[in-house]
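Structural overview
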Amino acid sequence: MKIKDLCEKLNADVHATGDPERDVTKAAAGDLLSFIIGTVSEGSAWITIQAHLNVAAVAVLKDIPVIILASGRKAPPDLIERCRTENICVASVSESIFGTCKRLSDLGING
Amino acid sequence: MAAPVCMEYRIEGNNFMVAGTASNNIKNTLKMLGIQSDVCRRAAVIAYEAEINLVIHANGGILKAVISEDKLEISTEDEGPGIPDIDQAMTEGYTTASNQAREMGFGAGMGLPNIKRNSDLFEIESTPGVGTKLISTVFFNK
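So, here is what we can say about the structure in this document. The structure presented is a predicted model; accordingly, all values stated were derived computationally and were not measured. Here the residue index of a chain counts from 1 through its sequence in written order. Ligands are numbered from 1 and chains lettered from A, in the order in which they are written. For this predicted model, a pLDDT threshold of at least 70 governs which residues receive local features, and a threshold of 80 or more governs which side-chain atom pairs are given and counted, while totals over whole chains, interfaces and linings are taken from all residues. With hydrogens and water excluded, all non-hydrogen atoms of the structure serve as input to the side-chain values.

What follows concerns the packing of helix 2 (residues 37-56) of chain B against helix 5 (residues 111-118) of chain B. When two helices pack together, their arrangement is given by the angle between their axes and by how far apart the axes lie. Residue and element names in this part refer to chain B. Axes here refer to lines fitted to C-alpha atoms; in helices the fit is confined to the stretch in contact. Angles between the N-to-C directions go from 0 to 180 degrees. Strands here are runs of E lasting at least two residues and helices are runs of H or I lasting at least four, both read from the DSSP assignment and numbered beginning at the N terminus. Interhelical geometry of helix 2 versus helix 5 gives an angle of 150 degrees and a closest axis separation of 9 Å. Viewed along their axes, helix 2 and helix 5 adopt a mutual orientation that is roughly antiparallel. Classified by chirality, the crossing of helix 5 by helix 2 is left-handed. Residues Arg42, Val45, Ile46, Glu49, Ala50 and Asn53 of helix 2 form the contact with helix 5, whose participating residues are Gly111, Leu112, Asn114, Ile115 and Asn118. Along the lines of polarity and charge, the residues of the contact of helix 2 with helix 5 split into 5 nonpolar, 4 polar and 2 charged. Working definition: roughly parallel below 35 degrees, roughly antiparallel above 145 degrees, roughly perpendicular at 65 to 115 degrees, and oblique for all remaining angles. Crossing chirality is assigned from the near helix's rotation relative to the far helix, an anticlockwise turn below a right angle marking it left-handed and a clockwise turn marking it right-handed. Note on contacts: a residue pair qualifies if any of its non-hydrogen atoms lie within 4.5 Å across the two residues. Only Asp, Glu, Lys and Arg are considered charged in this grouping, and only Ala, Val, Leu, Ile, Met, Phe, Trp, Tyr, Cys and Pro are considered nonpolar; every other residue, Gly among them, is considered polar.

Tracing the backbone through its elements, the reader meets Thr137(B) in strand 5 (residues 131-139). Residues in contact with Thr137(B), not counting those within four places in the same chain, are Lys71(B), Leu72(B), Glu73(B), Ser119(B), Asp120(B) and Leu121(B).

Here the focus is the pattern of salt bridges. As a working rule, side chains carrying opposite charge can pair if their charged atoms are close by. Between Lys or Arg on one side and Asp or Glu on the other, a salt bridge is scored when a side-chain nitrogen of the former is within 4 Å of a carboxyl oxygen of the latter. Summed over all chains, the structure comprises 11 salt bridges over all chains. Arg42(B) is paired through a salt bridge with Asp38(B); the nearest N and O atoms lie 3.7 Å apart. Placement of both Arg42(B) and Asp38(B) in helix 2 is noted, with a separation of 4 residues, approximately one turn of the helix. In the salt-bridge network here, residues are joined through shared partners; they are Lys2(A), Lys4(A) and Glu21(A).

With that out of the way, let us pick up the layout of surface pockets. Of the volumes computed, that of the largest pocket is approximately 570 Å³. Computed over the protein atoms alone on a 1 Å grid, cavities are sets of points where a 1.4 Å probe fits but cannot get out and pockets are open sets with protein on both sides within 12 Å along at least five of seven lines; a residue lines them when it has an atom within 4 Å of a point. Lining the largest pocket we find 37 residues, and of these Asn53(B), His57(B), Ile83(B), Thr96(B) and Leu112(B) sit closest to its centre. Every element with two or more residues in the lining of the largest pocket is listed here: helix 2 (33-39) of chain A together with helix 2, strand 3 (71-78), helix 3 (86-89), helix 5 and strand 5 of chain B. Among the elements that line the lining of the largest pocket, the one with the most residues is helix 2 of chain B, at 7 residues. Grouping the constituent residues of the lining of the largest pocket by class yields 21 nonpolar, 13 polar and 3 charged. Within this model, the second largest pocket holds a volume of roughly 340 Å³. What lines the second largest pocket is a set of 20 residues, and nearest its centre among them are Ala59(A), Val60(A), Asp63(A), Lys27(B) and Lys31(B). Counting residues per element, the lining of the second largest pocket draws most heavily on helix 1 (residues 21-32) of chain B, at 4 residues. Grid points are joined across faces, edges and corners, and a volume is the space filled by probe spheres set on the points.

Peptide bonds are trans in most cases, and residues, glycine excluded, mostly fall at negative phi. Although it is not a glycine, Asn87(A) sits at a positive phi angle of roughly 60 degrees. By secondary structure assignment, the location of Asn87(A) is in the loop between helix 4 (77-86) and strand 5 (89-92). Here's how the labels work: a residue is buried when its accessible area is under 20% of the maximum for its type, exposed when over 50%, partly exposed in between, all with a 1.4 Å probe on protein chains only. In this structure Asn87(A) comes out as partly exposed when scored by relative accessible area, which is 45%. Phi is positive for Asn59(B), which is not a glycine, with a value near 60 degrees. Inspection of the secondary structure assignment puts Asn59(B) in the loop between helix 2 and strand 2 (60-67).

The next subject is the sheet that holds strand 2 (residues 27-29) of chain A. Residues and elements named next belong to chain A. If you walk across this open sheet you meet the 5 strands as 1-5-4-3-2, and the pairing is mixed. In this open sheet, the two strands that pair with only one neighbour each are strand 1 (13-17) and strand 2. Ignoring strand direction, the axes of neighbouring strands in this sheet form an average angle of 15 degrees. By this definition, two strands are paired if DSSP reports at least two bridges between them. Pairing analysis gives 3 bridges linking strand 2 to strand 3 (residues 45-48), with the strands arranged parallel. Looking at strand 3, one finds that alanine 28 is bridged to tryptophan 46.

Put into structure tokens, the structure is as follows:
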């Protein structure tokens, strides 16, 4: 699914669009940065409640094209700026991590 | 490649907001030099985790990357508190990170294991009260 469609289906508040046409087929959820670094498949969407600059650093490291901030977490300006520079989509959703994972799973995106 | 390319960074302790800058720089330099992408990816993880360790555990230190003909060596040296039990520190899930670091998602207890997993050679030496030295090597064309 294209990132722009994914954001639309999740009713996400998009702070930085990244590459809206890029396809995402997998997702990972977690708030421990090194756990994500050690386990996530490159190219996955990442659902987290961590909303700070280092999230972008991890996304760059693992070629994560879209970061979904769950439970209404907002992206601070420095995170948005870095995501724009690195062409990463960052978006907030009101649903929890669990709810977002379920929605993604229903859309055919799995871990 | 004629002479080795050396990069050296002084990493500031406990500054979470700039953490990752040096390792990103190393990754970009490797890409610019045309190093194979698999090596770039592994090196990026090693450099990032090593840099974060300096920030969250060691009150800062030196992060170095040396790119030579056939390999990349990433090393750190610090004068932090040292690691009393390296085997324990190498166990996934074990961490001594501060609450502040953990709240930000650091301190998963996977830093050193992630470095080791991505290294071809991994050496760590630590003396409590003196500091820690880490050397990770990745060979090209493996």
